[in-house]
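Single-letter residue listing:
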Amino acid sequence: MPPSMQAAKSLMQNNPFTKHRDALIIFGVVCIVLIMVIPIPMTLLDILLTFMFGIALLVLMTSMMIESVLNFSVYPGMLLIVTLFRLALSIASTRLILSQGQAGQVIAAFGEYVTAGNIVVGTIIFIILVIVQFVVITKGSTRIAEVAARFTLDAMPQKQMAVDADLNAGHITEEDARQRRADIQRESDFYGAMDGASKFVRGDAIAGIIIIVVDIIGGLILGVAMLDMPFGEAVKTYTKLTIGDGLVSQIPALMISTSSGIIVTRAASKSNLGAELISQFTQSSKALAISSFVMVLLGIVPGMPTIPFMIIGLLLGFTSYRMAFGVKGKQEKEDEEKAKKAAEEAAAAPKEEKIEDYLLVDQMELEIGYGLIPLVDVNQGGDLLERITMLRRQMAGDLGMIVPPIRIRDNIQLSPNEYLIKIKGNDVGKGELMMGSYLAMNPGNVSQRIPGIKTKEPAFNLDALWITESQKEAAELAGYTVVELPAVLATHLTEIIRRYASEILMRQDVKTLLENVKKNSPAVVEELTPMLSIGEIQQVLCTLLQERISIRDLASILELMANAAKISKDAVFINEQVRLGLTRQICKPYINNGQMSVIALAPDLEQMLEASLQSTNRGPRLVIRPDLVGRILERMEAIQTKIQAVGEQPIIVCSPNVRYPLKKLLESSFPNLVILSYSEIVTGVNITVAETLGTHD
């Protein structure tokens with residue numbers, strides 16, 4: 001509600017007259033009854049007659065301005081009170097006319113001014129007013145009220161059924177349905193009441209005629225027989241006052257009758273009467289043009305008053321001209337808006353499903369339980385979508401590849417707080433978040449333990465705690481790393497993308513990357529593409545990504561691939577040659593103050609591995625006994641646990657020939673294990689052997 005309306009409402013509620021308005025109406029009705037039996041002075045009668053004029057005019061204007069009959073539902077009851085008030089004033093004026101031969105300035109003015117000093121003229125005007133009111137307006141209003149009441153009552157069951165149908169279809173709420181049923185009942189009651197109230201108007205017209213006749217006859221008898229007035233003077237005096245009294249009462253009655261007719265004919269209206277009249281009369285410029293032509297034609301007919309017809313004709317013509325151009329412009333604008341809306345609806349409309357659509361597989365999906373929907377819903381403060389957008393930018397900078405859009409959907413088969421990450425329809429990661437909580441992780445320097453629900457951090461499987469918001473500050477002061485739920489999920493997504501980047505990179509993605517490089521370095525792409533297909537280039541890039549080597553500097557990588565492809569097109573050979581050209585990039589994450597702590601291979605193990613190399617279609621492979629593989633894996637497990645316990649990254653250094661097959665041997669058990677060849681160590685880095693990997697302790 002606007003502030004002005006709120007202020008007005010507050011003012012009305014604090015107004016003492018508004019608080020006791022029901023008592024004022026009751027007091028007014030009592031006064032009306034008293035006027036009928038108690039004589040009132042002429043001055044008060046003048047005031048009340050003027051007030052009656054104001055009330056009648058207000059009722060007429062209100063009936064024209066309302067948009068629905070229910071906005072003026074008090075009309076039937078008000079009509080009875082107003083009719084009673086007007087009849088009471090007629091009785092009071094009759095008492096003064098017959099008893100004193102005068103009835104105040106208002107009646108005298110109407111009797112003198114409206115009749116133009118001629119009793120015959122006044123009588124004819126009065127008779128015409130009565131005929132208009134009684135024969136035309138009152139009779140028509142009464143008939144319309146009867147028909148409206150009958151049809152409204154007959155239509156009630158259908159309207160109620162329509163409300164029930166809309167409610168069952170979900171188009172409206174239960175509250176809307178109750179309101180619409182109440183409106184239907186009120187509308188039926190209103191037209192039923194108007195059917196009876198219209199009889200008040202008809203009876204008022206009849207009573208007005210009877211009162212005038214009684215006043216004239218009674219005045220003549222009283223003036224001639226009792227006051228010894230000459231017959232002509234008695235006729236002049238009492239007839240003039242009676243006609244004035246009749247005009248004073250019939251003009252407000254005519255306005256009330258007109259308002260009654262307007263009310264009962266507003267069934268199909270959608271706005272106030274004035275707005276509808278203007279809009280509907282000006283909806284056809286052709287009708288206005290024809291009317292203008294006829295009026296101008298009548299104006300030039302000999303004997304006809306030219307000026308009035310010309311004025312009206314030109315006015316209609318001007319209105320038609322403005323309407324024609326205005327409607328044309330408006331129509332063009334509406335056509336543009338309709339075309340725009342149709343285009344938007346066509347774009348937003350769901351496309352026709354094809355069988356082929358079911359064959360499509362999303363490269364990445366994130367399924368969430370219904371309890372995690374607030375993390376995605378922006379209206380509930382969720383920022384996961386924004387974090388995923390930032391994550392894709394980060395991956396483009398870190399890995400040099402474009403991460404495909406991640407489709408997010410809810411899955412009722414999951415637990416409410418569970419989520420599932422998929423790549424090409426296959427599950428690659430899942431986790432569970434506790435809504436309303438924070439994840440607290442111990443980085444190793446916690447000064448004080450805090451209570452919480454034990455859990456595992458989903459990305460790296462680290463020990464963590466679920467804590468409440470009230471514990472957040474205390475946990476941070478104690479040294480815990482406290483993470484919000486969207487950050488936990490985004491971190492897990494990031495780790496999944498890094499781990500499975502080689503599966504995400506498709507040939508179409510490689511083609512896009514090549515086209516992007518070709519814009520700035522066309523020579524290298526033009527040299528490489530004849531030697532290697534997109535599939536072969538993809539294979540090398542995926543191998544690099546699989547070992548978490550960024551391909552962001554793709555132009556340099558393509559140059560290294562082109563140089564290697566001149567010697568051999570073997571994918572493993574090309575990959576190893578590319579790695580040799582990226583030694584700084586590969587070693588940089590593992591160098592700390594010029595030092596690199598590594599795991600060395602025992603000489604006997606390295607010699608045995610080189611002796612076990614066997615060439616295959618997929619590159620060199622190690623062919624060794626299963627029991628020896630088991631001992632190597634057991635020893636590597638112990639070494640990795642020991643190194644990770646001190647917060648370092650396990651790095652194996654071996655000969656170039658063994659590096660790739662050893663990586664293939666160990667990657668299923670140790671996917672994050674880094675294996676470098678001696679040739680890949682940057683010059684100037686001091687190597688420290690932390691552990692030695694052999695077949696025995």
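Here the structure is a predicted model, which is why all the values come from computation and not from measurement.

Rules behind the numbers
Residues numbered from 1 in each chain as written. Predicted model: local features only at pLDDT ≥ 70, side-chain atom pairs only at ≥ 80, totals over all residues. Heavy atoms only, no water. Helix = DSSP H or I, 4+ residues; strand = E, 2+ residues; numbered from the N terminus. Buried < 20%, exposed > 50% of the residue type's maximum accessible area, 1.4 Å probe, protein only. Contact = heavy atoms within 4.5 Å. Areas by Shrake-Rupley, 256 points an atom, 1.4 Å probe, with all protein chains shown as cover. Salt bridge = Lys/Arg side-chain N within 4 Å of Asp/Glu carboxyl O. Phe/Tyr/Trp six-rings, centres within 6.5 Å; stacked < 30°, edge-to-face > 60°. Pairing = 2+ DSSP bridges. Right-handed = clockwise from strand over helix to strand, strands pointing away. Axes fitted to C-alpha atoms, helices over the stretch in contact; angles between N-to-C directions. Polar contact = N/O pair within 3.5 Å; in protein donor to acceptor, adjacent residues only side chain to side chain. 1 Å grid on protein atoms, 1.4 Å probe; cavity = no way out; pocket = protein on both sides within 12 Å on 5 of 7 lines; lining within 4 Å. Points joined across faces, edges and corners; volume = space filled by probe spheres on them.

A. Structural view of the overall build of the protein chain. Within the protein chain, the regular secondary structure consists of 26 helices and 14 strands. Taken over 697 residues, the protein chain has a buried fraction of 38%. In the protein chain, of all internal contacts separated by at least 6 residues, the share reaching a separation of at least 24 is 74%. Carbon together with sulfur atoms contributes 60% to the accessible area of the protein chain, which is approximately 39500 Å² in total.

B. Focus on the pattern of salt bridges. In the structure shown here, the tally under the stated rule is 21 salt bridges. When the shortest N-O distance is used, the salt bridge between R631 and D627 registers 3.6 Å. Separated by four residues within a single helix, R631 and D627 lie in helix α25 (residues 626-645), roughly one turn from each other. A relative accessible area of 40% places D627 in the partly exposed class. What you see here is one network of salt bridges that share partners, running through E547, E576, R579, R659 and E680.

C. Structural context of the packing of aromatic side chains. Under the definition given, this model contains one aromatic pair. With centroids separated by 6.1 Å and ring planes inclined at 65 degrees, the aromatic side chains of F51 and F85 adopt a geometry described as edge-to-face. Taken together, the residues span a long stretch of sequence, with F51 in helix α4 (residues 42-65) and F85 in helix α5 (residues 75-100) at a distance of 34 residues.

D. Quick peek at the pairing of strand β13 (residues 674-677). Burial along β13 is two-sided: the face carrying V674 and L676 and the face carrying I675 and S677 are both buried. As paired elements, strand β12 (residues 651-654) and β13 share four bridges and run parallel to each other. By the bridge assignment for β13, C654 is matched with S677. In this fold, β12 hands off to helix α26 (residues 656-666), which returns the chain to β13; that crossover is right-handed.

E. Structural context of the sheet that holds β13. Spatial ordering of the open sheet is given by β13-β12-β9-β14, a layout of four strands whose pairing is parallel. Whereas interior strands pair on both sides, the edge strands pair on one side only; in this sheet they are β13 and β14 (686-693). Across this sheet, the average inter-strand angle for adjacent strands is 40 degrees, counted without regard to direction. Relative to the sheet, helix α24 (residues 603-611) contacts β9 (595-601), β12 and β14, its axis offset from that of β9 by approximately 65 degrees. Where α25 meets the sheet, it contacts β9, β12 and β14, and its direction lies at approximately 130 degrees from that of β14.

F. Highlighting the side chain of S550. Mapped onto the secondary structure, S550 falls in the loop between α20 (534-546) and α21 (554-565). Of the polar contacts made by the side chain of S550, one reaches the backbone oxygen of D398; its length is 2.7 Å. Only 3.2 Å separates the side chain of S550 from the backbone nitrogen of R552, close enough to count as a polar contact. Each residue touching S550, except ones within four places of it in the same chain, is listed here: D398, L399, G400, I557 and Q585.

G. Region of the structure containing empty space enclosed by the protein. A complete count under the given rule lists three cavities of 30 Å³ or more for this structure. One number sums up the size of the second largest cavity: a volume of about 50 Å³. Lining the second largest cavity, in full, are L49, M52, R86, L89, S90, S93, D245, V248 and S249. Residue assignment for the lining of the second largest cavity shows that the elements contributing at least two residues are α4, α5 and α9 (231-264). Looking at the lining of the second largest cavity element by element, the count peaks at four residues for α5.

Purely geometric stuff here, so don't read any function into it on its own.
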